[in-house]
Amino acid sequence: MGDVMTPERARLVELAEAGRTSLASLSAMLGRNPSYLQQFVRKGSPRKLEEADRRRLAEFFGVSEVELGADPQHLRPHDADDFIAVPRLPLDASAGPGAFSAEEISFDSYRFSRRWLREMGLEGADLTAIRVEGDSMEPTLRSGDEIFVDRNKRSGEGIHVVRIGDALHVKQVQASAPGRITLISANESYAPIDLARDEVEVIGRVVWKGGRV
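All values derive from a computational prediction rather than experimental measurement.

A. Structural view of the pairing of strand β5 (residues 146–150). Summarising burial for β5: 5 of the 5 residues are buried, a large majority. Of the two faces of β5, the one carrying Glu146, Phe148 and Asp150 and the one carrying Ile147 and Val149 are both buried. Note: strand β4 (residues 127–133) against β5, 5 bridges, orientation antiparallel. The residue of β5 that forms the bridge with alanine 129 is phenylalanine 148. When β5 meets strand β10 (residues 201–210), the two strands line up antiparallel, connected through 5 bridges. Residue pairing in the sheet places valine 149 in a bridge with valine 206 of β10.

B. Inspection of the packing of helix α1 (residues 7–18) against helix α3 (residues 36–43) at higher detail. Viewed as axis vectors pointing N to C, α1 and α3 meet at an angle of 130°, and their least axial separation amounts to 9 Å. As judged from the angle between their axes, α1 and α3 are oblique. For the pair α1 and α3, the crossing hand works out as left-handed. Only Leu37, Phe40 and Val41 of α3 make contact with α1, whose side of the interface consists of Glu8, Arg9, Leu12 and Val13.

C. Main features of α1. Across its 12 residues, α1 extends 16 Å between first and last C-alpha, which sits within 8% of the 16 Å expected from 1.5 Å per residue. For α1, the full list of buried residues reads Glu8, Arg9, Leu12, Val13, Leu15 and Ala16. Down the axis of α1, the buried side of the element spans an arc of 165°, and every buried residue falls inside it. More than 90 degrees from the buried face of α1, the exposed residues found are Pro7, Glu17 and Ala18.

D. Representation of the environment of glycine 156. Within the element layout of this structure, glycine 156 appears in the loop between β5 and β6 (158–164). With relative accessibility at 49%, the residue glycine 156 sits in the partly exposed group. Between the C-alpha atom of glycine 156 and that of glutamine 174, which follows or precedes it by 18 residues, the distance is 8.0 Å.

E. Highlighting the packing of aromatic side chains. For the structure on display, the rule yields 6 aromatic pairs. Seen from their ring centres, tryptophan 116 and tryptophan 208 are 5.7 Å apart, and the 80° between their planes marks the pair as edge-to-face. Here tryptophan 116 is found in helix α5 (residues 114–119), whereas its partner tryptophan 208 is found in strand β10, with 92 residues between them in sequence. Take tryptophan 116: its relative accessible area is 22%, and that puts it in the partly exposed class. Taking relative accessible area as the criterion, tryptophan 208 reaches 23% and is therefore assigned partly exposed. Ring geometry for phenylalanine 148 against tryptophan 208: centres 4.5 Å apart, planes inclined by 35°, an arrangement best described as tilted. Remark: tryptophan 208 occurs in strand β10 and phenylalanine 148 occurs in strand β5; sequence separation between them is 60 residues. The class of phenylalanine 148 is buried, set by a relative accessible area of 0%. Here the aromatic cluster, defined as three or more aromatic residues joined through ring pairs, consists of Phe112, Trp116, Phe148 and Trp208. Of note, arginine 9 hangs over the ring of phenylalanine 40, and the distance from its end group to the ring centre comes to 4.7 Å. We note lysine 171 situated over the ring of tyrosine 190; from NZ or CZ to the ring centre the distance is 5.7 Å.

Basis of the calculations
- Residues numbered from 1 in each chain as written.
- Predicted model: local features only at pLDDT ≥ 70, side-chain atom pairs only at ≥ 80, totals over all residues.
- Heavy atoms only, no water.
- Buried < 20%, exposed > 50% of the residue type's maximum accessible area, 1.4 Å probe, protein only.
- Helix = DSSP H or I, 4+ residues; strand = E, 2+ residues; numbered from the N terminus.
- Pairing = 2+ DSSP bridges.
- Axes fitted to C-alpha atoms, helices over the stretch in contact; angles between N-to-C directions.
- Parallel < 35°, antiparallel > 145°, perpendicular 65-115°, else oblique.
- Left-handed = near helix turned anticlockwise from the far one by under 90°.
- Contact = heavy atoms within 4.5 Å.
- Expected span 1.5 Å × (residues − 1).
- Arc of directions from axis to C-beta.
- Phe/Tyr/Trp six-rings, centres within 6.5 Å; stacked < 30°, edge-to-face > 60°.
- Lys NZ or Arg CZ within 6 Å of the ring centre and 35° of its normal.

What follows is the structure in structure tokens.
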């Protein structure tokens, strides 16, 4: 068949290569025969992915089902939701002595559907993902946790990412005397840090965390 490599089949191959995963392992994820997606791509059999398989693959890759051959007219409204990319910065927000950042250039990103962000109460947030290093915020945040920082929320108390000089820290922020700010660690082994307010730049509030189980 000369028309086998349709746009959705080519897109599936592209996504698999970019994600460094094989069509066989994706087929297994769908509970299918290992050659299922290979047959779909190379031989056009089946001609179209089943709806449940297409949705699972779209969720796995963080793309719209339309990219994998869905008719936009037949999608339920939430399926047509687009995805928001949350940039992941190559700097570690220290929950310990302080991690020094060079340039804040995104090296990666997470993709989340608007629906998920709505469910998490994060719609409209200006999110950046950062990995926590150190143990000063244990047990609330553990070393290796990924945190989402909402840069729209820079005031009020709560856990924030703050910059002191070139170092980023994750701390509980508390107003103390007028013009001063106290940074508190969840881990009681670390003493509170009292600083002048103008010595601390509040980057944003921590609004979500995720990590390895």
